[in-house]
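# Tertiary structure, described
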Amino acid sequence: MDSNGDGIGDLKGVTSKLDYIKDLGVDVIWMSPCYKSPNDDNGYDISDYRDIMDEFGTMEDFNELLEGIHARGMKLLMDLVVNHSSDEHKWFLESRKSKDNPYRDYYIWRDPRDGKEPNNWTSFFSGPAWEYDEATGQYYLHLFSKKQPDLNWENEKVREEVYDIVKFWLDKGIDGFRMDVANLYSKVEGLPDGGPGYENVGTEFYQDGPRIHEFHHEMYEKVTSKYDIMTVGEMSGVPLEQALKYVGNDREELNMVFQFDQNLIDGGENDHWAHRTVPLPELKAVFSKWQNGLNGKGWNSLYWTNHDQPRTVSRWGNDGEYRKKSQKMLYTMLLTLQGTPYIYQGEEIGMTNVSFDSIDDYDDVEIRNMWQERVVRGGADPEETLDNIRYRARDNARTPMQWDETENAGFTTGTPWLKVNPNYKEINVKEALEDPDSIFHYMQRLIRMRKSTPVAIYGDFKEYEPENESLYIYERNYEGAKLFVVLNFTDKEVSLTVPEAVDASAAKLLISNYDGEQKLTDGKLLPYEGQVYLIQ
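Throughout what follows, the structure given in this document is the object of discussion. (Residues numbered from 1 in each chain as written. Predicted model: local features only at pLDDT ≥ 70, side-chain atom pairs only at ≥ 80, totals over all residues. Heavy atoms only, no water.)

### Some points on the nonpolar core
Applicable threshold: Nine residue types can take part in a nonpolar core, namely buried Ala, Val, Leu, Ile, Met, Phe, Trp, Tyr and Cys, and a core is a set of them joined through side-chain atoms within 4.5 Å. Burial classification: accessible surface area is computed with a 1.4 Å probe over protein chains only, and a residue below 20% of its type maximum counts as buried, one above 50% as exposed, and the rest as partly exposed. Here a residue-residue contact requires only that any non-hydrogen atoms of the pair lie within 4.5 Å.
Ranked by size, the top nonpolar core spans 106 residues in total, and within it Phe62, Met78, Trp169 and Phe177 carry the most contacts. Discounting chain neighbours no more than four positions away, the residues touching Trp169 are Tyr35, Tyr49, Arg50, Ile52, Met59, Phe62, Met78, Ile174 and Phe177.

### Some points on the environment of Ser512
Going by this rule: Put simply, DSSP H or I for four residues or longer makes a helix, DSSP E for two residues or longer makes a strand, and each gets a number counted from the N terminus. Any pair of N or O atoms that falls within 3.5 Å is considered a polar contact. Within protein, one atom must be able to donate a hydrogen and the other to accept it, and sequence-neighbouring residues count only if both atoms are side-chain atoms.
Within the secondary structure layout, Ser512 lies in strand S17 (residues 507–512). Since its relative accessible area comes to 7%, Ser512 is described here as buried. Along the backbone, Ser512 and Leu487 are 25 residues apart, and their C-alpha atoms lie at a distance of 9.8 Å. Ignoring any residue separated from it by four or fewer positions in sequence, one finds Ser512 in contact with Tyr442, Arg445, Gln518, Glu529, Gly530 and Gln531. At 3.0 Å, the side chain of Ser512 and the side chain of Gln518 are in polar contact.

### Observations regarding the sheet that holds strand S4 (residues 75–80)
To keep it simple, the criterion reads: Paired strands are those between which DSSP finds at least two bridges. Think of each axis as a best-fit line through the C-alpha atoms, taken over the contacting stretch in the case of a helix, with angles from 0 to 180 degrees between the N-to-C directions.
With respect to topology, 5 strands assemble into an open sheet ordered S1-S4-S8-S9-S10, the strand pairing being parallel. Looking at the sheet topology across the chains shown, the edges are occupied by strand S1 (28–31) and strand S10 (256–259). For this sheet, the mean angle separating the axes of adjacent strands, direction not counted, is 20°. Sheet analysis places S4 next to strand S8 (residues 176–179), joined by 3 bridges and oriented parallel. Residue pairing in the sheet places Asp79 in a bridge with Arg178 of S8. Contacts from helix H5 (residues 156–172) reach S4 and S8, with the element oriented near 140° to S8.

### What about the environment of Gly293?
Summarising the element assignment, Gly293 is placed in helix H9 (residues 280–294). Between the C-alpha atoms of Gly293 and Val498, which are 205 residues apart in sequence, the distance is 26 Å. Aside from chain neighbours lying at most four places away, what touches Gly293 is Leu240 and Leu244.

### Structural notes on the packing of aromatic side chains
Convention followed: The rule is short: rings of Phe, Tyr and Trp, with Trp giving its six-membered ring, pair when the centres are within 6.5 Å, and they are stacked under 30 degrees, edge-to-face over 60, tilted in between. Counted as over-ring charges are cases with an Arg CZ or a Lys NZ within 6 Å of the ring centre that also lie within 35 degrees of the ring normal.
Counted according to the given criterion, the structure contains 33 aromatic pairs. Measuring from centroid to centroid gives 5.7 Å for Phe92 and Trp109, while their planes differ by 5°, and the two rings are stacked. Of the two residues, Phe92 sits in helix H4 (residues 90–95) while Trp109 sits in strand S5 (residues 109–110), which places them 17 residues apart along the sequence. Taken together, Tyr35, Tyr49, Phe62, Trp91, Tyr103, Tyr106, Phe168 and Trp169 form an aromatic cluster joined through their ring pairs. Over the face of the ring belonging to Trp403 we find Lys17, whose NZ or CZ atom lies 4.1 Å from the ring centre. The ring of Phe168 carries the charged tip of Arg50 above its face, separated from the ring centre by 5.5 Å.

### Focus: the packing of helix H7 (residues 240–247) against H9
To be explicit about the condition: For classification, angles of less than 35 degrees are called roughly parallel, those exceeding 145 degrees roughly antiparallel, those between 65 and 115 degrees roughly perpendicular, and all remaining angles oblique. Handedness of a crossing follows from how the near helix is turned relative to the far one, being left-handed for an anticlockwise turn of less than a right angle and right-handed for a clockwise one.
For the pair H7 and H9, interaxial distance at closest approach is 11 Å and the crossing angle is 45°. The orientation of H7 relative to H9 falls into the category oblique. In this structure, H7 meets H9 at a crossing whose hand is right-handed. Along its contact with H7, which presents Leu240, Ala243, Leu244 and Val247, the element H9 presents Lys289, Trp290, Gly293 and Leu294.

### With respect to the pairing of strand S6 (residues 130–133)
Bridge count between S6 and strand S7 (residues 138–141): 4 bridges; the pairing is antiparallel. Opposite Trp130, over in S7, you have Leu141 as the bridge partner. Here S6 hands over to S7 after 4 residues, with Gly137 in that stretch at a positive phi of 70°.

### Focus on the side chain of Asp61
Within the fold, Asp61 resides in helix H3 (residues 59–71). Separated by 3.0 Å, the side chain of Asp61 and the backbone nitrogen of Thr58 make a polar contact. Apart from residues lying up to four places away in sequence, Asp61 is in contact with Leu11 and Lys12.

### Remarks on the side chain of Thr224
Secondary-structure assignment places Thr224 in the loop between helix H6 (212–222) and strand S9 (230–235). Judged by its relative accessible area of 7%, Thr224 falls in the buried class. Setting aside anything within four residues of it in sequence, one finds Thr224 in contact with Val166, Met219, Ile229 and Thr231.

### Quick word on unusual backbone geometry
In the Ramachandran plot, Asn200 falls in the positive-phi region, its phi being about 55° despite a non-glycine side chain. Looking at where Asn200 falls in the secondary structure, it is placed in the loop between S8 and H6. Overall, the relative accessible area of 29% leaves Asn200 in the partly exposed class. Unlike most non-glycine residues, Asn408 shows phi in positive territory, near 60°. Within the secondary structure, Asn408 is located in the loop between helix H13 (382–392) and helix H14 (429–434). Classification of Asn408 as buried rests on a relative accessible area of 15%.

### Quick look at the sheet that holds strand S15 (residues 481–488)
The sheet built from 5 strands is open, its strands ordered S13-S14-S15-S19-S17 with antiparallel pairing. The two strands at the open ends of the sheet, each matched to only one other strand, are strand S13 (460–464) and S17. Between one strand and the next, the sheet's axes are offset by a mean angle of 25°, whatever the strand orientation. Here S17 pairs with strand S19 (residues 530–535) via 5 bridges, running antiparallel. The residue bridging Ala507 from the neighbouring strand is Ile535, located in S19. Against the sheet, H9 contacts S13 and strand S14 (471–478), and its axis sits at roughly 15° relative to S14. Sheet contacts for helix H11 (residues 323–334): S14, S15 and S19; angle to S15, the most-contacted strand, approximately 150°.

As structure tokens, then:
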């Protein structure tokens, strides 16, 4: 929400919407980076970790926001971005001055190899992961944009600086951190060439690297364990066995991880921009694996989307005729699994992917770099590439929040930094609050149901019919109570047979996204129907 008409959402804008967020039933707000930044990658390139980006306001605005959150009984989670800084951070400005500068070793510098990059690693944002710096004749590593040089976590001084930043914000009274790319800090010594691949070459040498657990344990020991907070690490590509090392109850590292399994399965084999339709058993297998794998040993993060992913209803549901029904069904699933559920802004009203006509309408550095590499230099088909972008683009989740049907969806009185999705006149908060059957009101009920039903929070997980191509059927068990959930992932009526182990006669309907008093019996589930029963 933009409070001053410059087209950019800001801290005062968020403060003005705290009652709305509280009304949904949210306990914790996770905010993307709001630190000082040249904004090459939406604030994930930080030039001053102890100040606020000018466009977002001032430290006074931040303090007011934090006070407003706490006054409403909610908590604030900040984004900790410390795999890399901005190339405009004072550390890097010093580091690039000379090879013997005291800050040189804050980053990862290497000599050229045969006049070229030191190794074959590629950036997550296309092209090599190295940038040549003429002043000193060396390359610096950047796993993301060239304006995001990687910090050298091998340097103890860097780690102490990071822990000092963490302490600064915790002493301010924030309630924890979501840690950006938290499994990439440790790189294998010598930085060897990666195996063959079209993109993300070299990940085997920095993803879950050799000292990563040592670093996270050190941060826990020196700082985070001394505060009553929560921590969640974003970990692309982390396997279950490795995740347990980060979040295991005895590990003293992190409380939760964001794993990416569900976000990787609809991509192409060697190209995450390509996309395919995922058979339901594959999608279910991902969620079921994490439900069972962490049960009793660690804690799950539950999410469908975030600022880096397409909109849920466009990706996994039906954003046309069944937009409301399918979004309700998808969040019925999310709120009935074990773990902490995260709802990204706009999901509570069923915002959809945006279909821009031109590449010029997209803002994201990842998209712009990919377009240059593939279309401008590589000769790829522009329309096919644009089709992949429309499906996968991070900007799908970044279009301005749709507050009402007025110009620019009520987000700003100025020109929005990114175009508003044209469907804002039909899909907006005002419409949702006035419609008793809206996604917002359904999610409100879901959240209330979850908070008042211990089995929905703590119960273990058992799946039925994993090979069923239309239905996801599972139960949760806790202290004699059973939660039984049936979800239809299709736009057709589907037959349900109640498992013999489930006592249908004792089942009481807790919530459903269709009206009427359903009883748990063999029969038909309507398109995108979701039902949740309590059996005691």
